[in-house]
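Secondary and tertiary structure notes
So the chains spell out like this:
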Amino acid sequence: MRNVRVKFTKDGKSRYISHLDLNRCMLRAVHKSKIPVWYTEGFNPHPFITFALPLSLGVRGKCEFMDMKIVEEISNDDIKYKLNECLPDGINIVNINEPIMKLSDICYADFNIRIYGNNIDTNKIFEELNELLNKKEIIVEKKTKSGIKNINFKEYINRYNVLTNDDYVNLDITLCAGNNSNVNPNLLLNLLIDTVKDDLYTDISRIKLYDKDMLEFE
Amino acid sequence: MLGKKLEKILLKVQKPARYVGGEINSVVKNIDEINVRFAFCFPDVYEVGMSHLGMKILYSQLNEEHDVWCERVFAPWPDMEEQMRNNNIELYGLESGNSIKNFDFIGFTLQYELSFTNVLNMLELAGIPILSSDRKELNQIVVAGGPCVCNPEPMADFIDIFFIGEGEEVDLEVINLYKKCKKNNESREEFLLQASKIEGVYVPKFYDVDYNDDGTIKSFKAKNLDVPSKIKKRIMIDMNKSYFPKSFVVPSIGIVHDRAVAEIFRGCTRGCRFCQAGFIYRPNREKSIETINEQCKNLCESTGYDEISLSSLSSSDYSKLYDLLDKLKCWTENEMTSVSLPSLRVDGFSDELTSRLKSIRKGGLTFAPEAGTQRMRDVINKNVTEEELIKTCEFAFKGGWTSIKLYFMIGLPTETMDDVKGIVELGQKVVNTYYKDGNKTKGKSVNVTIGVSSFVPKPFTPFQWEPQDKIEVLKEKQKTMIDNLKSKKIKLNWHDAETSFLEAVFARGDRKLCKVLKLAQENGIKFDGWSDYFSFEKWMSIFEECGINPEFYANRRRNLEEILPWDHIDYGISKSFLEREYLLSCKNQTTPNCKEKCSNCGAACFKGGICFEKR
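Given the structure is predicted, the values throughout are model-derived calculations rather than measurements.

Considerations on the interface of chain B and chain A
Across the boundary between the two partners, chain B contributes 20 residues, which contact 20 residues of chain A. Looking at the side of chain B that touches chain A, its residues break down into 11 nonpolar, six polar and three charged.

Notes on the domain arrangement of chain A
Residues and elements named next belong to chain A. The domain architecture assigned to chain A consists of domain 1 (2-99) and domain 2 (106-210). Distance between the C-alpha centres of domain 1 and domain 2: 29 Å. Each partner contributes to the interface: domain 1 provides nine residues, whereas domain 2 provides 11 residues.

Focus: the environment of P457(B)
Residues and elements named next belong to chain B. Secondary-structure assignment places P457 in the loop between β17 (447-454) and α15 (471-484). Here P457 falls in the buried class, since 25 other C-beta atoms lie within 10 Å of it. Between the C-alpha atom of P457 and that of E503, which follows or precedes it by 46 residues, the distance is 9.2 Å. Residues in contact with P457, not counting those within four places in the same chain, are F463, Q464, E466, Q468, A504 and R508.

Considering the sheet that holds strand β3 (residues 105-109) of chain B
Residues and elements named next belong to chain B. One open sheet accounts for six strands, arranged β2-β1-β3-β4-β5-β6; its pairing is mixed. The sheet is open, and its two edges are formed by β2 (68-74) and β6 (201-202), each paired on a single side. Of the strand pairs in this sheet, strand β1 (residues 36-42) and β2 are connected by seven bridges, and their pairing is parallel. Each bridged residue has a counterpart across the sheet, and for C41 the counterpart in β2 is V73.

Some remarks on unusual backbone geometry
All names here are of chain B. Following R282, the chain continues into P283 via a peptide bond in cis, with omega recorded as 0°. Phi is positive for K15, which is not a glycine, with a value near 45°. As for its position among the elements, K15 is in the loop between α1 (4-10) and β1. Take K15: there are 20 C-beta atoms within 10 Å of it, and that puts it in the buried class.

Notes on the packing of helix α13 (residues 386-398) of chain B against helix α14 (residues 417-434) of chain B
A packed helix pair is summarised by two numbers, namely the angle formed by the two axes and the spacing between the axes. All names here are of chain B. Between α13 and α14, the least distance of the axes is 9 Å, while the angle of their chain directions is 35°. Here the hand of the crossing between α13 and α14 comes out right-handed. Residues E386, I390, C393, E394 and F397 of α13 touch α14, and the partners they reach there are L426, K429, V430, T433 and Y434. For the contact of α13 with α14, the residue count by class is six nonpolar, one polar and three charged.

Points about the packing of helix α3 (residues 53-63) of chain B against helix α6 (residues 167-183) of chain B
Residues and elements named next belong to chain B. Packing of α3 against α6 brings their axes to within 10 Å, and their N-to-C directions diverge by 40°. It follows from the interaxial angle that α3 and α6 lie oblique. Relative to α6, α3 is oriented so that their crossing is right-handed. Contact residues: I57, L58, Q61 and L62 in α3; G167, E168 and D171 in α6. Grouping the amino acids of the contact of α3 with α6 by side-chain chemistry returns three nonpolar, two polar and two charged.

Quick notes on the rules
- Sequence positions are assigned chain by chain, starting from 1 and proceeding in written order.
- As a convention, the first chain written is A and the first ligand written is 1, with the rest following in written order.
- Residues qualify for local features only when their pLDDT is at least 70, as the model is predicted, and side-chain atom pairs are given and counted only at 80 or more; totals for whole chains, interfaces and linings, by contrast, use all residues.
- C-beta atoms are placed from the backbone for every residue, and two residues are taken to be in contact when these atoms lie within 7 Å.
- Charged means Asp, Glu, Lys or Arg here, nonpolar means Ala, Val, Leu, Ile, Met, Phe, Trp, Tyr, Cys or Pro, and polar covers whatever is left, Gly included.
- Per the annotation, domain bounds derive from an automatic or database assignment of domains.
- Counting from the N terminus, the helices are DSSP H or I runs at least four residues long and the strands are E runs at least two residues long.
- Residues are called buried when their C-beta atom has 20 or more other C-beta atoms within 10 Å, exposed when it has 12 or fewer, and partly exposed otherwise; all C-beta atoms are positioned from the backbone.
- Should DSSP find at least two bridges between two strands, the strands are regarded as paired.
- Structural elements are reduced to axes, namely lines fitted to C-alpha atoms, with helices fitted over the stretch in contact, and the angle between N-to-C directions of any two is expressed from 0 to 180 degrees.
- In this scheme the crossing of two helices becomes right-handed for a clockwise turn of the near helix relative to the far one and left-handed for an anticlockwise turn of less than a right angle.
- Any angle between 65 and 115 degrees counts as roughly perpendicular, while under 35 counts as roughly parallel, over 145 as roughly antiparallel, and the rest as oblique.

As structure tokens, then:
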């Protein structure tokens, strides 16, 4: 038995499915592909799979990870090929590798966010966003299991870069992610929407995951 | 690809994956090679529609035609509808994302009366004229099938073609005729006239209805000598040769019935007198074990499902059930695939069965005694006894089950308050059975859920002439049950009497109801099957505005001589048989099932199925 780490995308039409649905899709794909994976031994046996970090519904995932256990001889290329045959539009297997880090090592995530104005000039959005990010404190409401609490979003930002063009404002931002400290970029974007008072459309992609030393997760 | 306009609204609605398509096995074709575009519309939300087997069959079948592209369309939930209307997005097919406005066919499946308003709303959302008479060109042919078309009249002003009976053959014949007419530049009228001559096709615009002063039907006549005076249902008599898909579209989100489904037989031998399906799908026709096994294999292979449901109206009635389960076991066990049997009868649950269905979840068992007393069960011809129910429950409790659901109806013909009390009493007897020696699971209590719906008299049943209990009476009966409930182990659930009333109105309605439906749509009525959207007050004011008394349809006892709105539709079941059954029910007399003895219902006219098998 060996462990494998499946790197995949969750983009296109599949970015509209929830994490729970993703789990179901993957279980079904693994079952359908007949890849020799380890099945749980309960009353309802199913393939044993584990995901790295849930992705919010609507966010494009460019580097998602899933771990599973292979029980018979099969090449990684074969696994990739067979799984890709069984997945809906937008979920694609990028590669299969031996896990190097632990899932709990994830500490940061890179996001690319494109912000489109509805009835507002992009330059105005650009200014407001910069002003927001330059504040000492960015207080946002975060829903937790114990209720809503105010957090300082600024503490979760590792680095960022804002650019603008005629169509949209481009925000590249690295945020805390993982078990210890995790934040959803939508908290910042909702605050921006309130500030500019415009029905902004935001297209968010999560593009990379890192460990505490900013080494790319693998 | 999704349009930018659509992407911008998707994150503002609940469950956006309902509206994007792209699921495994969904069919995308090259538009340049397509001659006929077909929008298969299910007038309810995605999760409900995607669970429907009929849609899966016809979707695959139509898409096997190289120049036909069938796409799926579901009713957008009101939050999505609002976004679509605000952003000028017309109702679109999930496969192409194109508006269905200019499709050749817009097909609806009418599974329940409370979805009728959704049909109209979907047409309107697509920008298609709602009234058949406002559609003039040879496109936008609105067709409908499904059990509710056995009385098509309340929808007659909106639908161009009804498919009566089973759609597997007739839809292709109509499409081929359409192709021919399109090629020859023939008119819509000409196409519909030719279509009306195909068996199983009903084009309501070619018929006239006259009414008596009291609102009953005086005459129903074809306008034109060329169209049939009676429309006979189509049927697939050999179920082994009947088309069945090799794959299903596998939804990426959870749906109501998320598993592979194999239909093991059509029709039912039982003849429960309230059950429309038990009559309109006659005769009973089984698939062979080999066919079912092959179809299950194909489906699991192509979908990745690890659960198969053996579907039918009463699955434990399949003649070689144990052999079938043994055959399936040969491969399902190795592939970690479970087999489940829905619609088990009280008398169909046994040791032998459970030992074969290893995967029957210990979650809960559901049985439908339908009525609380033996007399009442005899009236409805349910042919299940109290001893059988208690025996089955005893067996289930010994096997470790602690939760049982029982379904009943109130408002059945001849019902008295004693029959109503009998429902709760039967529930109590099941609870008592649990606490008898040796039945109880240590440390666990028993849960008996009693689900009670209100009886809706349906066309093509022996009760088609019967009035429905008035809403006040149904509520009184519900109250009686609560008052007689003694045990906390019993949970009582029921359907709203108001929704059952509306169902009764449209189930046996006539063409006068078309204007009611139209006005309802104009007033924003939709999703009547969902309690969050159903408004009885709104409906009542619409009936009033149209000058129509809904009680005329729901609560009136019809005369046996009366012309019924669906008398021109022929399901093979003779009216005289239904009348005989009705009179037997009045005398608390039962009728044996088709396997024991033929009761000459008329279904033998289809020349197959159980009618011609050895008894």
